[in-house]
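# Structural features, examined
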Amino acid sequence: MNRFNDKERIALRLADIQGNILNAYGKQGFPKGRAIFLHVEDGEKGRKFLETFYDKVTSAVRWKSDNPYAPKAETSAPERPPVTLNFAFTFNGLVALGVPIKTLSMMPPEFLQGMRARAPILGDTLPKGALDEWDKVWAHEAEAVGKNNVHIMALLNSRMDPMTGEPVPEMEEFTGDIRSFCQIEGGIRILTGHGAGNAEYQDMSARLHKDEATGQYSALPMEHFGFVDGISDPVFEGQFRIEDEEIRKVGNGKFHGEFKDAESLADPANWEPLATGEFLLGYPDEAKELPPAARPNLFSTNGTFMAYRKLEEKVERFEEYIEETVPEFAAVYGIDDKEEARETLLAKFAGRWRDGVPLSLAPTYAEWLEFNEEYQDQITRRPKLSQFVYAGDEDGSACPMSSHIRRVHPRDMLGPIPGSGTTLVNRRRILRRGLPYDDVSEDGTRERGIVMLICCASLERQFEFVQQQWINYGMDSNAGNDTCPMLGNRPSRDTKFVIPKDAEADDDGAPYICTKLPQFVETKGGAYFFVPSMTSLRMIAIGVIDPT
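Overview of the structure.

Glancing now at the overall build of the protein chain. When helices and strands are counted, the protein chain shows 17 helices and 17 strands. Taken against the 2.2 N^0.38 rule, which gives 24 Å for 548 residues, the C-alpha radius of gyration of the protein chain at 23 Å falls within 12% of a compact globule. The principal-axis extents of the C-alpha atoms in the protein chain amount to approximately 75 × 65 × 50 Å. Of the roughly 23400 Å² of accessible surface on the protein chain, a fraction of 51% belongs to carbon and sulfur atoms. Measuring between centres, the 63 positive side-chain charges of the protein chain sit 5 Å from its 86 negative side-chain charges.

This is how it looks when you write it as structure tokens:
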């Protein structure tokens, strides 16, 4: 029986939810992004700014797409625009725009404090002096009231000209409109200081592939370490049409059946979407409670919180470490072919092969090749990439306990019996949005990384827990103080990564231990934002929050 036959199904008002929350823009044909941060000097001018651009803000209404895996469009969907626009606000920004203290006092404390103040919890204070290396635009976030606090994020996402690989011209026109408003009206400023220079915005772009035959560019779903990214994405009630949800919830929702074999795992009847309140404010979460948010309810409903994090990937450092480690790993693992050893080592770090195939489904190089031979069609292949659990691999000999994906989404790993889901894991899911960036400064220095946009109803319970307990700590992974081999901070060079081996193998089954792991990812800045609904955005723009 369909569980929705005996209860009312949540129907979301898509036109009231800002875009890029329910579905990532990058997957909807917008591979280019630009984040512009503004400071409000005059609340009235700041509200006029929002009112001026309000009609340009894009919602969650689903557009038609050429992507066969994209969610089905609404029958009344407007034409997909060349550029999207969305707004989000820091706590100081809401104060500057005149949101009543009565409303703001109900915001959760981690949002009031901001990301920089929470740096010790997030591990952003390491290595020593790390906060001093953040981009200049974030230098003043520790000040309660400052002349250069980030108040507003205007997020643009653009389609791409396939002949140039550049954003469509409307991206620059939109930026010019925002710049002109600030110059002509005053009272609101664009903040500079991104990267090594003094850029006035943070550009982002999917990695691109150029077809030499046609000369056209296409976007790759890949980050700079070379792994396919953004595969697993939580599915919650109301996010998709029911026919889409039936397919997407398998592997991405919550498993509530009895795990027996691969067939039981692929059965939609054994999966449910997560509670809407884990990701959108104003709805019950997995505990049947409403997450803490501002009052009145109308101000919070259909909004969410977002952690903006600029993460630099030390690509050369990562590749150098892998190349130095491969020979010894190959010897311990008994792999003669260097390429096979290199790919296997990379897969052990991530928990997936570089093309996204999970080690849980294809533990060996040969099985990986067989998987790719069997599943070449993206329509049948893509769902498979999320349909797995860690039951049967309790020792981590297939997918290491401390590998990246097993840490950030432990699935059934923390359940009381193999294959069982857990409330703990279901309440730590996060939506990951954002795009890679690739900046080259005037002196030729290249910096690559990802701008992560993490959406959830509780920054503390969801994002901060994952960052602190699962990425930068290892108790739940039986890894002690060892941190995530890819994203984790390194309090010392003694941090290690254990790659178990099948204890029943012909040899002695000794694990390979990666030692003296360098820090491969460093935070370059970020802040906590409130992403209001379209209704709430209008309330902020006209200065009417709580008429009582």
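Next comes the rest of the write-up.
Put simply, the second largest pocket is a space of about 390 Å³. Considering the residues around the second largest pocket, the lining is formed by 21 residues, among which Ala-262, Ser-360, Leu-361, Gln-387 and Phe-388 are closest to the centre. Elements with a minimum of two residues in the lining of the second largest pocket: helix H8 (262-266) and helix H12 (365-374).

So, about the nonpolar core. One broad rule of soluble globular proteins: the nonpolar side chains tend to lie buried together. Counting residues in hydrophobic clusters, the biggest one holds 121 residues, and the most contacted among them are Leu-38, Phe-49, Leu-50, Phe-87, Ile-152, Phe-349 and Phe-529. Sorting elements by how many residues they give to this core places helix H10 (residues 315-333) first, with eight residues. Not counting residues within four places of it along the chain, the set of residues in contact with Leu-50 comprises Phe-87, Phe-89, Leu-97, Ile-152, Leu-537, Ile-540 and Ala-541. Within the second largest apolar cluster, 17 residues are counted, among which are Leu-359, Tyr-365, Tyr-375 and Tyr-390.

Moving on, we come to the packing of helix H1 (residues 43-53) against helix H6 (residues 170-185). Contact geometry of H1 with H6 gives a least axis separation of 11 Å together with a crossing angle of 150°. By the angle between their axes, H1 is roughly antiparallel relative to H6. Between H1 and H6 lies a crossing of right-handed hand. In this structure, H1 contributes Lys-45, Lys-48, Phe-49, Thr-52 and Phe-53 to the contact, and H6 contributes Phe-174, Asp-177, Ile-178, Phe-181 and Glu-185. Partitioning the contact of H1 with H6 into residue classes produces five nonpolar, one polar and four charged.

Judged by side-chain charge, Glu-394, Asp-395, Asp-502 and Glu-504 come together as a negatively charged surface patch. Examined against the element boundaries, Asp-502 turns out to sit in the loop between strand E15 (497-499) and strand E16 (512-514). For Asp-502, a relative accessible area of 38% translates into the label partly exposed.

A word on the pattern of salt bridges. The full count for this structure, using the stated rule, is 33 salt bridges. With a closest N to O distance of 2.6 Å, Lys-310 and Asp-135 form a salt bridge. Of this pair, Lys-310 sits in strand E12 (residues 304-313) while Asp-135 sits in the loop between helix H5 (119-122) and strand E3 (152-158), and the two are 175 residues apart along the sequence. For Asp-135, a relative accessible area of 3% corresponds to the buried category. For the salt bridge of Glu-312 with Lys-314, the shortest nitrogen-to-oxygen distance reads 3.2 Å.

Let us look at empty space enclosed by the protein. Taken as a whole and judged by the stated rule, the model has five cavities of 30 Å³ or more. In this structure, the largest cavity spans a volume of roughly 890 Å³. What lines the largest cavity is a set of 47 residues, and nearest its centre among them are Asp-229, His-404, Val-408, Arg-432 and Leu-487. The set of elements that each furnish at least two residues to the lining of the largest cavity consists of E12, helix H14 (404-408), strand E14 (446-456), helix H16 (459-471) and strand E17 (521-531).

Quick look at unusual backbone geometry now. Cis geometry marks the peptide bond from Leu-126 to Pro-127; its omega dihedral reads -10°. Among the secondary structure elements, Pro-127 is positioned in the loop between H5 and E3. Backbone torsion omega between Arg-295 and Pro-296 reads 5°, so that peptide bond is classified as cis. Tracing the sequence through the fold places Pro-296 in the loop between strand E11 (271-272) and helix H9 (297-300). Despite not being glycine, Asn-20 has its phi angle at roughly 75°, a positive value. Counting through the fold element by element, Asn-20 comes out in the segment before strand E1 (32-40). According to the relative accessible area criterion, Asn-20 is buried, its value standing at 9%. Positive phi values are uncommon outside glycine, yet Asn-302 reaches one of about 75°. Along the chain, the position of Asn-302 falls in the loop between H9 and E12.

Attention now goes to the side chain of Glu-312. Examined against the element boundaries, Glu-312 turns out to sit in strand E12. Apart from the residues lying within four places of it in its own chain, the contact partners of Glu-312 are Tyr-437, Glu-447, Arg-448, Gly-449, Phe-520, Val-521, Glu-522 and Lys-524.

Considering all chains together, one arrives at 32 aromatic pairs under this definition. Relative to Tyr-528, the ring of Phe-463 lies with its centre 6.2 Å away and its plane at 85°, an arrangement referred to as edge-to-face. With Phe-463 in helix H16 and Tyr-528 in strand E17, this pair connects stretches of sequence that are 65 residues apart. Residue Tyr-528 is classed as buried on the basis of its relative accessible area, which comes to 2%. Cation over ring: Arg-34 sits above Tyr-201, and NZ or CZ is 3.9 Å from the ring centre.

Inspection of the secondary structure assignment puts Arg-352 in the loop between helix H11 (338-350) and H12. Arg-352 has contacts with Phe-227, Ile-231, Ser-232, Leu-346, Ala-347, Val-357, Pro-358, Leu-359, Leu-385, Phe-388, Ile-405 and Arg-411, leaving out every residue within four places of it along the chain.

Take Lys-501: it is sitting in the loop between E15 and E16. Look at Lys-501 and you get buried, because its relative accessible area is 12%. Taking the C-alpha atoms as reference, Lys-501 lies 48 Å from Asn-86; in sequence the two are 415 residues apart. Reaching out from Lys-501, the side chain makes a polar contact with the backbone oxygen of Val-332 at a distance of 2.9 Å.

This next bit is on the environment of Leu-85. Here Leu-85 shows up in strand E2 (residues 83-89). With 69 residues separating them along the chain, Leu-85 and Ala-154 place their C-alpha atoms 6.8 Å apart. Not counting chain neighbours up to four residues away, the residues in contact with Leu-85 comprise Phe-53, Lys-56, Val-57, Thr-58, Ala-154, Leu-155, Leu-156 and Phe-174.

So, about H1. Considered for burial, the residues of H1 that qualify are Gly-43, Gly-46, Phe-49, Leu-50 and Phe-53. For H1, the buried positions fall inside an angular range of 115° around the axis, keeping them on one side. One side-chain oxygen of the residue at the start of H1 lies 2.9 Å from the amide nitrogen of Glu-44, identifying that residue as Asp-42.

The rules we used
Residues numbered from 1 in each chain as written. Predicted model: local features only at pLDDT ≥ 70, side-chain atom pairs only at ≥ 80, totals over all residues. Heavy atoms only, no water. Helix = DSSP H or I, 4+ residues; strand = E, 2+ residues; numbered from the N terminus. Rg over C-alpha atoms; globule rule 2.2 N^0.38 Å. Areas by Shrake-Rupley, 256 points an atom, 1.4 Å probe, with all protein chains shown as cover. Lys, Arg positive; Asp, Glu negative; His and termini not counted. Charge placed at Lys NZ, Arg CZ, Asp CG, Glu CD. 1 Å grid on protein atoms, 1.4 Å probe; cavity = no way out; pocket = protein on both sides within 12 Å on 5 of 7 lines; lining within 4 Å. Points joined across faces, edges and corners; volume = space filled by probe spheres on them. Core = buried A, V, L, I, M, F, W, Y, C linked by side-chain atoms within 4.5 Å. Buried < 20%, exposed > 50% of the residue type's maximum accessible area, 1.4 Å probe, protein only. Contact = heavy atoms within 4.5 Å. Axes fitted to C-alpha atoms, helices over the stretch in contact; angles between N-to-C directions. Parallel < 35°, antiparallel > 145°, perpendicular 65-115°, else oblique. Left-handed = near helix turned anticlockwise from the far one by under 90°. Nonpolar A, V, L, I, M, F, W, Y, C, P; charged D, E, K, R; others polar. Patch = residues over 30% accessible without salt bridge, like charges linked within 9 Å, V, L, I, M, F, W, Y side chains within 5 Å. Salt bridge = Lys/Arg side-chain N within 4 Å of Asp/Glu carboxyl O. Phe/Tyr/Trp six-rings, centres within 6.5 Å; stacked < 30°, edge-to-face > 60°. Lys NZ or Arg CZ within 6 Å of the ring centre and 35° of its normal. Polar contact = N/O pair within 3.5 Å; in protein donor to acceptor, adjacent residues only side chain to side chain. Arc of directions from axis to C-beta.

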